[in-house]
Amino acid sequence: IYVADSETSSVRAINLKDESVETVVGRGLFVFADTDGRGDEVRLQHALGIAAQGDRLFIADTYNNKIKVLDPKSKSCETFVGDIKSGSSDDPPRFDEPAGLSLSGNTLYVADTNNHAIRVIDLD
């Protein structure tokens, strides 16, 4: 099971067989920023939502106003859509503290908190 741990700005993997927890990306409570990369070099800021599609995870990087995509096997994480500037535009795509994520087929729904909206991303 993968979870977004907002207080440590990380994504964690929970192994139900041996009841262990591993940090996939992110570093800790006071170590946050907006850095794409792999494993320990990745920085998120208050990640709230997570949704899985195949071998990739989408993350609501809330305070960075972005949706990031993570390959949990390689621990590679990069910005998928959005930028550090808050907004509510589609071109360029901007969010204002995206939080919840939900997937249905190839459609990603984003709860765009401060815009009081559900945004839709066609993953095709």
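Residues numbered from 1 in each chain as written. Predicted model: local features only at pLDDT ≥ 70, side-chain atom pairs only at ≥ 80, totals over all residues. Heavy atoms only, no water.

## Focus: the overall build of the chain
When its secondary structure is counted, the chain shows zero helices and 11 strands. If you list the helices and strands of the chain from N to C, you get β-β-β-β-β-β-β-β-β-β-β. In terms of C-alpha radius of gyration, the chain reaches 14 Å, essentially the compact-globule figure of 14 Å for 124 residues. Dimensions along the principal axes, computed over C-alpha positions, put the chain at roughly 45 × 35 × 20 Å. (Helix = DSSP H or I, 4+ residues; strand = E, 2+ residues; numbered from the N terminus. Rg over C-alpha atoms; globule rule 2.2 N^0.38 Å.)

## Side note on the pattern of salt bridges
Two side chains carrying opposite charge are able to pair once their charged atoms lie near each other. The full count for this structure, using the stated rule, is 10 salt bridges. Between Lys 75 and Glu 22 there is a salt bridge, with its nearest N and O atoms 2.7 Å apart. With a gap of 53 residues between them, Lys 75 in the loop between strand S7 (66-71) and strand S8 (76-82) and Glu 22 in strand S3 (residues 20-25) connect regions that are remote in the sequence. Given a relative accessible area of 26%, Lys 75 falls into the partly exposed group. A relative accessible area of 40% places Glu 22 in the partly exposed class. It is possible to trace a salt-bridge network through shared partners that takes in Asp 34, Asp 36, Asp 61, Lys 66 and Lys 68. (Salt bridge = Lys/Arg side-chain N within 4 Å of Asp/Glu carboxyl O. Buried < 20%, exposed > 50% of the residue type's maximum accessible area, 1.4 Å probe, protein only.)

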